[in-house]
Amino acid sequence: MPTILPVSEPDDPRIEAYRNIRERDLVGREGLFVAEGQVVLAMLIASAAYRPQSLLIAAHRLPALAALIDPLPDDVPVYAAEQRVLDAIAGFPLHRGILAIGRRIDTPDADTLLARLPQEADVLLLSAIANHDNIGGIFRNAAAFGVKAVLLDADCCDPLYRKAIRVSVGAALLVPFARIAREDDPLALLDRHGFTALALSPSGATTLSKAPVARRNAVLLGAEGPGLSADLLRRATSVRIAMAPGFDSLNVATTSGIVLHHLAAARA
């Protein structure tokens, strides 16, 4: 088990990265992110794409977490604090009592990420999705249905934002992702790697039940409200989900789950 370093005061300089978490969320962490809760911590420790920088644990939780944190390298400090000190550090009641600072160490560009994938694969391409709950929900669905990668355009929010990771139940640390530069053509990228692009829209030309399922599929999802651009819808196979008459709106994370289930069932 790694050495446990007691923290008795909220202003201890060693835990600066954990102080006032919500305020820090708003300004960014310069390439670092916060993992919260036991499930997310387990994924962080097991991941080859991410590395924990340090842990901050409520002292009463340490015995139950011994097996989980035992494999940590010696250079990853594990700080322990009483619950009242932990709450003061975080700036709010931290009921889970488990925090970690992590860093992403595998940062492929979109071309490299797609080149790594097997010949049979589904991916997601997200456009201008700026809501962290939706990003988290989409990554959770992606993990559940075996999506091999998520591509995000320049207007999507960060999947490694604390709330996005929490909503994804750690899936944001499990499903590989890459950014597409604003000047790059996402459909040309997908075409180079042999993906069939399915663009979701309430006005899609094809219902999901009749949409073609290829060996490599890319599901395109846009922000709620504006949706995907007219250019993307024109150049891809536009797909709609059949709904009750007079209603054509679904949450984008819900939409991702329905479409990914359809693709997974078609492969079964």
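These lines cover the structure that appears in this document, whether it is placed above or below. What you are looking at is a predicted structure, and each value in this text was computed from that prediction instead of being measured. For every chain, the first residue of the written sequence is number 1, and numbering continues from 1 along that sequence. Predicted model: local features are reported for residues with pLDDT of at least 70 only, side-chain atom pairs are reported and counted for 80 or more only, and whole-chain, interface and lining totals are derived from all residues. For the side-chain quantities, the full set of heavy atoms in the structure was used; hydrogens and water were omitted.

## Observations regarding the overall build of the protein
Now for step 1: In this text, helices come from DSSP runs of H or I with a minimum length of four residues, and strands from runs of E with a minimum of two, each type numbered from the N-terminal end. In terms of helices and strands, the protein carries 10 helices and 12 strands.
Now for step 2: Using C-alpha atoms as the atom set, the radius of gyration is obtained and then compared with a globule rule of 2.2 Å times the number of residues to the power 0.38. Here the C-alpha radius of gyration of the protein, 20 Å, is about what a compact globule of 268 residues would show, namely 18 Å.
Now for step 3: Each of the 268 residues in the protein was classed as buried or not, and the buried ones make up 48%.
Now for step 4: Between two residues, a contact is recorded if the distance between any of their heavy atoms is within 4.5 Å. Contacts spanning at least 24 positions in sequence make up 77% of the contacts within the protein whose residues lie at least 6 apart.
Now for step 5: To be clear on the numbers: accessible area is Shrake-Rupley with a 1.4 Å probe, and residue cover counts the displayed protein chains and nothing else. Carbon together with sulfur atoms contributes 52% to the accessible area of the protein, which is approximately 12,500 Å² in total.
Now for step 6: For the charge count, each Lys or Arg is scored as positive and each Asp or Glu as negative, with His and the chain ends excluded. To locate a charge, take NZ of a lysine, CZ of an arginine, CG of an aspartate or CD of a glutamate. Taken as two groups, the 27 positive and 29 negative side-chain charges of the protein have centres that lie 5 Å from each other. Residue burial is assigned from relative accessible area. The probe radius is 1.4 Å, only protein chains are included, and a residue is buried under 20% of its type maximum, exposed over 50%, and partly exposed in between.

## Quick notes on the sheet that holds strand β8 (residues 177–179)
Now for step 1: With parallel pairing, seven strands are arranged side by side in an open sheet as β8-β7-β6-β11-β9-β12-β10. A strand with exactly one partner marks an edge of an open sheet, and here the two such strands are β8 and β10 (206–207).
Now for step 2: In terms of strand pairing, strand β9 (residues 196–200) meets strand β12 (residues 237–240) through three bridges, oriented parallel. Bridged to Leu198 within β12 is Thr237.
Now for step 3: Helix α6 (residues 132–144) rests against β6 (121–127), β7 (149–152) and β8 of the sheet, and its axis sits at about 175° to β6.
Now for step 4: The strands touched by helix α10 (residues 252–267) are β6, β9 and β11 (216–222); relative to β11, the strand with the most contacts, the crossing angle is about 165°. In this scheme, strands are said to pair when DSSP sees at least two bridges between them. Only the contacting stretch of a helix is used when fitting its axis, a line to C-alpha atoms as for every element, and angles between N-to-C directions run 0 to 180 degrees.

## Comments concerning unusual backbone geometry
Now for step 1: Despite not being glycine, Ala128 has its phi angle at roughly 55°, a positive value.
Now for step 2: Inspection of the secondary structure assignment puts Ala128 in the loop between β6 and α6.

## Concerning the side chain of Asp12
Now for step 1: Position of Asp12 among the secondary structure elements: in the loop between β1 (4–6) and α1 (21–27).
Now for step 2: A relative accessible area of 13% places Asp12 in the buried class.
Now for step 3: For the purposes of these results, a polar contact is taken to be a pair of N or O atoms within 3.5 Å, where, inside protein, one atom must be able to donate a hydrogen and its partner to accept one; residues adjacent in sequence count only when each atom of the pair is a side-chain atom. A polar contact is formed between the side chain of Asp12 and the side chain of Arg14, at a distance of 2.8 Å.
Now for step 4: Sequence-distant contacts of Asp12, that is, excluding residues within four places in its chain, are made with Val7 and Arg19.

## Side note on a nonpolar patch on the surface
Now for step 1: Two distance rules govern patches: like charges are joined within 9 Å, and nonpolar side chains (Val, Leu, Ile, Met, Phe, Trp, Tyr) within 5 Å, applied only to residues with over 30% relative accessible area and no salt bridge. Salt bridge, as used here, is a side-chain nitrogen of Lys or Arg placed within 4 Å of a carboxyl oxygen of Asp or Glu. A contiguous nonpolar patch, built from Met243, Phe247, Leu250 and Ile258 and spanning about 330 Å² of accessible area, is present on the exposed surface.
Now for step 2: Mapped onto the elements, Leu250 comes out in the loop between β12 and α10.
Now for step 3: On the accessibility criterion, Leu250 (31% relative accessible area) is partly exposed.

## Let's talk about the packing of helix α2 (residues 38–46) against helix α3 (residues 62–69)
Now for step 1: With their axes 11 Å apart at the nearest point, α2 and α3 run at an angle of 25° to one another. As far as their axial angle goes, α3 and α2 are roughly parallel. You can see that α2 and α3 cross each other, and the crossing is right-handed. Residues Gln38, Leu41, Ala42 and Ile45 of α2 lie in contact with α3, whose contacting residues are Leu65, Leu68 and Ile69.
Now for step 2: Following the grouping adopted for this structure description, the nonpolar residues are Ala, Val, Leu, Ile, Met, Phe, Trp, Tyr, Cys and Pro, the charged ones are Asp, Glu, Lys and Arg, and the polar ones are all others, Gly among them. Of the residues assigned to the contact of α2 with α3, the class counts are six nonpolar, one polar and no charged. Roughly parallel refers to an angle under 35 degrees, roughly antiparallel to one over 145, roughly perpendicular to one between 65 and 115, and oblique to any angle outside these ranges. We call a crossing left-handed when the near helix sits turned anticlockwise from the far one by less than a right angle, and right-handed when that turn is clockwise.

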